[in-house]
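What follows is each chain in one-letter form.
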Amino acid sequence: MQNDYIVQNLLGLHVRPAKKIVEAAGRYKQCDIFLEKAGKRVSAKSLVNVLTIGAKHGDTVTLITEGEQEEAAQEEIGRILAEYTEAPPRKEG
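Residues numbered from 1 in each chain as written. Predicted model: local features only at pLDDT ≥ 70, side-chain atom pairs only at ≥ 80, totals over all residues. Heavy atoms only, no water.

Asker: Please provide a residue-by-residue account of helix α1 (residues 15-26), values included.
Answerer: In a regular helix each residue adds 1.5 Å, so twelve residues correspond to 16 Å; α1 covers 16 Å between its end C-alpha atoms and thus fits that length. Buried within α1 we find Pro17, Ala18, Ile21, Val22, Ala24 and Ala25. Looking straight down α1, one finds its buried side chains confined to an arc of 165°; they lie on one side. Where α1 is buried, its residues touch β2 (31-37), α2 (47-52) and α3 (70-81). (Helix = DSSP H or I, 4+ residues; strand = E, 2+ residues; numbered from the N terminus. Expected span 1.5 Å × (residues − 1). Buried < 20%, exposed > 50% of the residue type's maximum accessible area, 1.4 Å probe, protein only. Arc of directions from axis to C-beta. Contact = heavy atoms within 4.5 Å.)

Written out as structure tokens, the structure is:
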């Protein structure tokens with residue numbers, strides 16, 4: 001099963017949302033979970049891998065889930081990808 005999501009986090013998939021994705025993916029032991037962007041596919045169960053796709057705000061990322069509970073994994077991780085959070089830092093002065 002796969003779906004495309006537009007990254008809504010204003011700061012992209014930096015450490016905090018990437019960690020949420022990895023933690024969620026880790027709950028689905030019998031499911032293979034991947035993120036794909038611009039032809040690069042990585043395991044969503046590895047923080048380093050998730051960070052290496054370099055997804056920025058507005059980028060389209062494909063979430064691929066295969067195995068037991070693939071629909072639940074798709075729903076939970078898709079929600080994280082689509083979360084609109086974190087305003088950019090304010091400029092002083």
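Additional details are given in the paragraphs that follow.
Asker: Please provide a residue-by-residue account of the packing of aromatic side chains, values included.
Answerer: Inspection of the entire model under this criterion finds zero aromatic pairs. Directly above the aromatic system of phenylalanine 34 lies the positively charged group of arginine 41, at a separation of 5.5 Å from the ring centroid. (Phe/Tyr/Trp six-rings, centres within 6.5 Å; stacked < 30°, edge-to-face > 60°. Lys NZ or Arg CZ within 6 Å of the ring centre and 35° of its normal.)

Asker: Break down unusual backbone geometry for me, citing the residues and quoting the values.
Answerer: Backbone geometry at alanine 38 places phi at a positive 50°, although glycine is not the residue there. Assignment of secondary structure puts alanine 38 in the loop between β2 and β3 (40-43). On the basis of relative accessible area, alanine 38 is assigned to the exposed category, the value being 81%. Phi at glutamine 69 takes a positive value of approximately 65°, unusual for a residue other than glycine. Within the element layout of this structure, glutamine 69 appears in the loop between β4 (60-67) and α3.

Asker: Got a sec to walk through the packing of α1 against α3? Specific residues and values, please.
Answerer: At a minimum axis distance of 10 Å, the contact between α1 and α3 shows a crossing angle of 180°. As summarised for this structure, α1 and α3 are arranged roughly antiparallel, according to the angle between their axes. Judged by residue contacts, Pro17, Lys20, Ile21, Ala24 and Ala25 of α1 engage Glu76, Ile77, Ile80 and Leu81 from α3. Classifying every residue of the contact of α1 with α3 gives seven nonpolar, no polar and two charged. (Axes fitted to C-alpha atoms, helices over the stretch in contact; angles between N-to-C directions. Parallel < 35°, antiparallel > 145°, perpendicular 65-115°, else oblique. Nonpolar A, V, L, I, M, F, W, Y, C, P; charged D, E, K, R; others polar.)

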